Amino acid sequence: MTALCYDKGRAWIELNMENLRHNVNILRSMLPPGCELMPAVKADAYGHGAVPVARELNKMGVRAFCVATVAEGATLRRHGIRGLILILGYTHPHEFELLTTYELTQTVIDFSYAKLLNGYHRPIQVHIAVDTGMHRIGERCENVEHFLEMFRMENLKITGLYTHLCTADSENDEDKVFTARQAQSFRKLVQWLDERGYSVKAHILSSYGLIKYPEYGGDYARVGIALFGLLSTDEDTRLRGNKLRPVLSVKARVVSIRKLHTGESAGYGLAYIAKKDTQIAALSVGYADGLPRALSCEVGSVLLNGRKAPIIGRICMDQTLVDISGIPSVNTGDTAVMIGRSDEQAITACDVAKQADTITNEILSRLSQRLTRVIVNQL
Ligand SMILES: *Cc1c(COP(=O)(O)O)cnc(C)c1O
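A few points on the structure. Going along each chain's sequence as written, the residues are numbered from 1 onward. Per-residue local features are limited, in this predicted model, to residues with pLDDT of at least 70; the limit for side-chain atom pairs, both in listing and counting, is 80 or more; totals at the level of whole chains, interfaces and linings are taken over all residues. With hydrogens and water set aside, each side-chain value is computed from the structure's full complement of heavy atoms.

## A word on the state of the cysteines
Phase 1 of the analysis: Any pair of cysteine sulfurs within 2.5 Å is marked as a disulfide. Applying the stated criterion across every chain, the model contains zero disulfides.
Phase 2 of the analysis: Cys297 takes part in no disulfide bond, and the closest cysteine sulfur, belonging to Cys316, lies 11 Å away.
Phase 3 of the analysis: Residue classification places Cys297 among the partly exposed positions, given a relative accessible area of 36%. In this scheme, a residue with accessible area under 20% of its type's maximum is buried, one over 50% is exposed, and one in between is partly exposed, where area comes from a 1.4 Å probe on protein chains only.

If you want it as structure tokens, here you go:
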């Protein structure tokens, strides 16, 4: 669980709820007719904090959410979140009871999992995942007889069908053809079932789907990363996400300042050697807080008083060293920005992702529970 301490202490995440509301409004304006948002708040809302985010969304009239696990769904319910909560992943039969206790909707992983769910002694609300080409989870769309059988299962209360586009972010022509085929296969199945009297909600779009292929429609858009004001890469964010605003900042304290003389080392493995007399600072944040260790040794930097301070030596579990030479008047207790703005300068989660050779989604979702949450501009 997220540490629900609303104080700026050692290291924290600042959530700007006004930016979240701005993104909701932008994304709502892009929805195809009849489609509503089903925000993805899995992995603690991509590191932001699922409870405060879902609360704000509930206040804005959002009535459906998706999460990855039954525990994530139960946490939201225990904090009073209302509406549909769809679990996108696997739930072990030991935990089926939680589905009914917390009124959660379970994904049917495939036909054999449907039989497992149906074998539970009470009715369970479900959406069926449809495999249209990702080949991860989902019943294969061509197995139409299996779909009919699932609709006839006594304990499966089927309220939705969904599929997932696996290359919607690509600009490559072959990938676009693949995406169109996925959408067509899904539409065909939904129609086929509809003609037989099995008419339920259907959904296909996630962030890239909504932004690039709104014409595929559906009853829900399962939007994750875009809701948080970013796309998976820096380039996409600049090209397609420029109306969105990042919701989260990550900050920590300057805890100690010292001067290194030429030739002295700093940190583990003597990985940094001062080439000249250098002013350095220790910050109260490390890789256990989610700052990727790949940013060590001047790959990454932080912001202090509107200036960039390169990360020197190896990032530690709980602390990080930066070079503050030339940055005027840095004092202990000052705030350093790992992700966010400081005066004219900004470091985005996309920048950090690029430096760590990964996607924004991974950087955000790995931000630690140890960071406290400070909420600003709440409804
Ligand atoms: C995580 C997830 C989403 C949200 O994806 P974004 O790209 O972050 O919008 C939607 N659908 C499924 C099945 C997911 O696993």
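## Some details on the side chain of Ser207
Phase 1 of the analysis: Of note, Ser207 is situated in helix 9 (residues 207-212).
Phase 2 of the analysis: Residue classification places Ser207 among the buried residues on the basis of a relative accessible area of 5%.
Phase 3 of the analysis: Think of a polar contact as two N or O atoms within 3.5 Å of one another; within protein, one of them needs to be a possible hydrogen donor and the other a possible acceptor, and neighboring residues in sequence only count if both atoms come from side chains. In terms of polar contacts, Ser207 uses its side chain to reach the backbone amide nitrogen of Ile225, at 3.5 Å.
Phase 4 of the analysis: Within the local environment of Ser207, its side chain forms a polar contact with the backbone nitrogen of Ala226, the two atoms lying 3.1 Å apart.
Phase 5 of the analysis: We call two residues in contact when some of their heavy atoms are within 4.5 Å. Once you skip the residues sitting within four places of it in the chain, Ser207 turns out to touch Arg222, Val223, Gly224, Ile225 and Ala226. Secondary structure counts use DSSP, requiring at least four H or I residues in a row for a helix and at least two E residues in a row for a strand, with both numbered from the N terminus.

## A short note on the nonpolar core
Phase 1 of the analysis: Side-chain atoms within 4.5 Å are what join buried Ala, Val, Leu, Ile, Met, Phe, Trp, Tyr and Cys residues into a set we call a nonpolar core. Grouped together as the largest cluster of nonpolar side chains are 121 residues, with contacts concentrated most on Leu57, Leu76, Leu117, Met150, Leu304 and Val322.
Phase 2 of the analysis: When neighbours within four sequence positions are excluded, Met150 is seen to be in contact with Val108, Phe111, Ala114, Ile128, Glu139, Leu156 and Ile158.
Phase 3 of the analysis: Leu260, Ala266, Tyr272 and Ile280 belong to the second largest nonpolar core, which has six residues in total.

## A look at the site of the ligand
Phase 1 of the analysis: Inspection of the region around the ligand gives Ala40, Lys42, Tyr46, Leu88, Arg136, His164, Ser206, Ser207, Arg222, Val223, Gly224 and Ile225 as its neighbouring residues.
Phase 2 of the analysis: Take Lys42: an N or O atom from its side chain is 2.7 Å from an oxygen atom of the ligand.
Phase 3 of the analysis: Here an oxygen atom of the ligand sits 2.5 Å away from a polar atom, N or O, in the side chain of Tyr46.
Phase 4 of the analysis: Every accessible area reported is derived by Shrake-Rupley at a probe size of 1.4 Å, with residue values counting cover from the shown protein chains alone. Considering the ligand on its own, with 390 Å² of exposed area, one finds that the protein chains cover 88% of that surface.
Phase 5 of the analysis: Ten residues, namely Ala, Val, Leu, Ile, Met, Phe, Trp, Tyr, Cys and Pro, are considered nonpolar, four, namely Asp, Glu, Lys and Arg, are considered charged, and the remaining ones, Gly among them, are considered polar. Class assignment of the residues belonging to the shell around the ligand gives a composition of five nonpolar, four polar and three charged. Nearness of a residue to a molecule or strand requires only that one of the residue's heavy atoms be within 4 Å of it.

## Regarding the packing of helix 1 (residues 17-30) against helix 3 (residues 50-59)
Phase 1 of the analysis: To obtain each axis, a line is fitted to C-alpha atoms, and for helices this fit is confined to the stretch in contact; angles are then taken between N-to-C directions over 0 to 180 degrees. Contact geometry for helix 1 and helix 3: axes closest at 11 Å, N-to-C directions at 55°. Here helix 3 runs oblique to helix 1, going by the angle between their axes. The element helix 1 and its partner helix 3 pack so that their crossing is right-handed. Here Met17, Leu20, Arg21 and Val24 of helix 1 lie close against helix 3, whose contacting residues are Pro52, Val53, Glu56 and Leu57.
Phase 2 of the analysis: Here the contact of helix 1 with helix 3 is composed, by residue class, of six nonpolar, no polar and two charged. Throughout this description, any angle smaller than 35 degrees is read as roughly parallel, any larger than 145 degrees as roughly antiparallel, any in the 65 to 115 degree range as roughly perpendicular, and the remainder as oblique. Crossings are classed by handedness, with left-handed meaning an anticlockwise turn of the near helix from the far one by less than a right angle and right-handed meaning a clockwise turn.

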